[in-house]
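An overview of the molecular structure
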Amino acid sequence: MYTNYVGLEFINDYINDRYNNLLRIITKSSHNQHFQDYIKLLNGDNNKLDNVTKDKIKDEVIESLKRRKYFPQYEQSTSGLLSYIENNSKVNAKQLFDNIAYLILLKKKEEIRPLCYILDVFTKKFEVFKRIYEEYSGSLKKIGENYQKLDHYIIMSFTMIYFYNIGKNLKYLNVSLKLNDLICSSKQTIGSKDDLIILYYSIILELESINNLIMVKKIK
Amino acid sequence: MILKNIGMLLANNVRSTAYLQALIKNNLFPSIIIFLSNEEKASIRDTLPEFIKTKKIISKYFDPIQNITDLADSYNIRYKILKIDDINSVELVSELEKLNEKYFIYSGPGGQILKRNILSIGKEFLHVHPGKLPGYRGSTTIYYSIIDKDMCYASSFFLRENIDTGPLIKEKEFPKPENGEIIDFIYDPFIRSSLLIDVINEYIENDYKFPMKQQPIDDEGNYYIIHPVLKHIAILACD
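The present account deals with the structure reproduced in this document. (Residues numbered from 1 in each chain as written. Chains lettered and ligands numbered in written order. Predicted model: local features only at pLDDT ≥ 70, side-chain atom pairs only at ≥ 80, totals over all residues.)

Notes on helix α3 (residues 51-67) of chain A
Residue and element names in this part refer to chain A. The criterion, for reference: Per the convention used, a helix needs a DSSP run of H or I reaching at least four residues, while a strand needs a run of E reaching at least two, with both numbered from the N terminus. Residue count minus one, scaled by 1.5 Å, sets the expected span of a helix. Counting other C-beta atoms within 10 Å of a residue's C-beta gives its exposure: the residue is buried at 20 or more, exposed at 12 or fewer, and partly exposed in between, where C-beta atoms are placed from the backbone. This arc is built from the directions going out from the helix axis to the C-beta atoms. In this description, any two residues whose backbone-derived C-beta atoms lie within 7 Å of each other are considered to be in contact.
Here α3 contains 17 residues, and its C-alpha end-to-end distance of 24 Å stays within 8% of the 24 Å for a straight helix at 1.5 Å per residue. Within α3, the full set of buried residues consists of V61, S64 and L65. Relative to the axis of α3, the buried residues are bounded by an arc of 95° and lie together on one face. Along α3, the residues that are exposed and aim more than 90 degrees away from the buried face are V52, D55, D59, E63, K66 and R67. Here the buried face of α3 lies against α5 (93-106) and α10 (193-216).

Focus on the sheet that holds strand β2 (residues 135-136) of chain A
All names here are of chain A. We count it as follows: At least two bridges found by DSSP between two strands are what make those strands a pair.
The antiparallel open sheet is built from three strands, whose spatial order is β1-β2-β3. This sheet does not close on itself; its edge strands, each paired only once, are β1 (91-92) and β3 (142-143). In terms of strand pairing, β1 meets β2 through two bridges, oriented antiparallel. Across the sheet, the residue bridging to V91 is Y136, located in β2.

What about unusual backbone geometry?
L133 of chain B connects to P134 of chain B through a cis peptide bond whose omega is 5°. Of note, P134 of chain B is situated in the loop between β7 (124-129) and β8 (137-138). Despite not being glycine, L140 of chain A has its phi angle at roughly 65°, a positive value. Looking at the element boundaries, L140 of chain A is found in the loop between β2 and β3. At T140 of chain B, a residue that is not glycine, the phi angle is positive and equals roughly 50°. Relative to the helices and strands, T140 of chain B is located in the loop between β8 and α7 (141-149).

Let's talk about the packing of helix α9 (residues 170-185) of chain A against α10 of chain A
All names here are of chain A. So the rule is basically this: Between N-to-C directions, angles span 0 to 180 degrees; the directions come from axes that are lines fitted to C-alpha atoms, helices contributing only their stretch in contact. Roughly parallel means an angle under 35 degrees; roughly antiparallel means over 145; roughly perpendicular covers 65 to 115; every other angle is labelled oblique. Here a crossing is taken to be left-handed if its near helix is turned anticlockwise relative to the far helix by less than a right angle, and right-handed if that turn runs clockwise. As a working rule, the residues Ala, Val, Leu, Ile, Met, Phe, Trp, Tyr, Cys and Pro are called nonpolar, Asp, Glu, Lys and Arg charged, and the rest polar, with Gly in that last group.
Remark: α9 packs on α10, axes separated minimally by 11 Å, with the N-to-C direction vectors making an angle of 130°. In terms of orientation, α9 lies oblique with respect to α10. The two elements α9 and α10 cross, and the hand of that crossing is left-handed. Across the interface between the two elements, L173, S176, L177, N180 and I183 of α9 pack against L199, S202, I203, E206 and S209 of α10. Grouping the amino acids of the contact of α9 with α10 by side-chain chemistry returns five nonpolar, four polar and one charged.

Here it is, written out as structure tokens:
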């Protein structure tokens, strides 16, 4: 609780570390050629991307989500997703977050509000236990013991940071920061191009959110 | 005046010091203090950073290094020291059951919560939370509200099994501090003690009754320990 305060330098170091970690993760992957343009973009204006570029990345994230294997019947609505979860004995966490991410990217704010319940449940799970398991029951209790799949944390982090950007509730930014700390410190290589673009967008949104707070709070 | 039906359940921390000093300053004396202290642990003085031990801080807020038992001795406040670490220990329950006081001002050890075995003995534990309820439940909410609202809040309520969900007694808002670095050790306990005094005064004015209103029980307003980056932003936002 009592984190030592070291001043603005701490935030500057965090921004540089995040940026360097993103570059390291992308460079280490076999898809680094695909990301060359994005890496160049990051070298520009204080890590900020213009809206056209951001839209392009967002479209690529949506395409990545579409390529993945969804639930047997992919849910196109919030209510459909919620009733699917309730009526099933087993839910894969990655597929669940893929579906939530897809909905929050495409649906209106009012339509996705009921998803807060699921995000709050998983926020609590990660904040308390620091683990996201591969599978959960319909009542969102963990099944099995596998919690080491990095792709689960990547899509959850993206969902949280995107949700923060919609509603500005700091608890979602808070959990996304912690998830990205875990992802960036992992020794696992991220082999999937889809995971890499989602992580890239997630970290860009996170850095942008922090920069916005610094600006709004007039921190110098 | 001696608060006949009100005791204090205090751990050895700055919040307990702030509470007791504020009560004494306002001529309000608990009828007993149950003081949880383990001598094997470092003294409270040793854990505090030097910059908060200045005269300016002490005169504006409270003296964080003053010893609870020294203070109680100076004002002839009855106290009992229990050398226990667990707030839910059988020994503490047994001690509390022997006492006549119905209400206990609560400032327990960090990271521990009262469980059913102690909450069901017929006493009420008065807690002051550094956040507006029900919107800001959970941990480090003072930092979240500085970022969100440029304000700090304190809410008083009686403890229940679910965290920060007990019946509300009173809330109060405070400006953010001029120096964000003092939040953990000074400003957070100070604003809580300020509301505590208002609550006790209203209790006396209200014929020794606490006004209460229920709050909704859900996870929506739950916050968790703030990430160091956000904590730095909140502290820097105070300067």
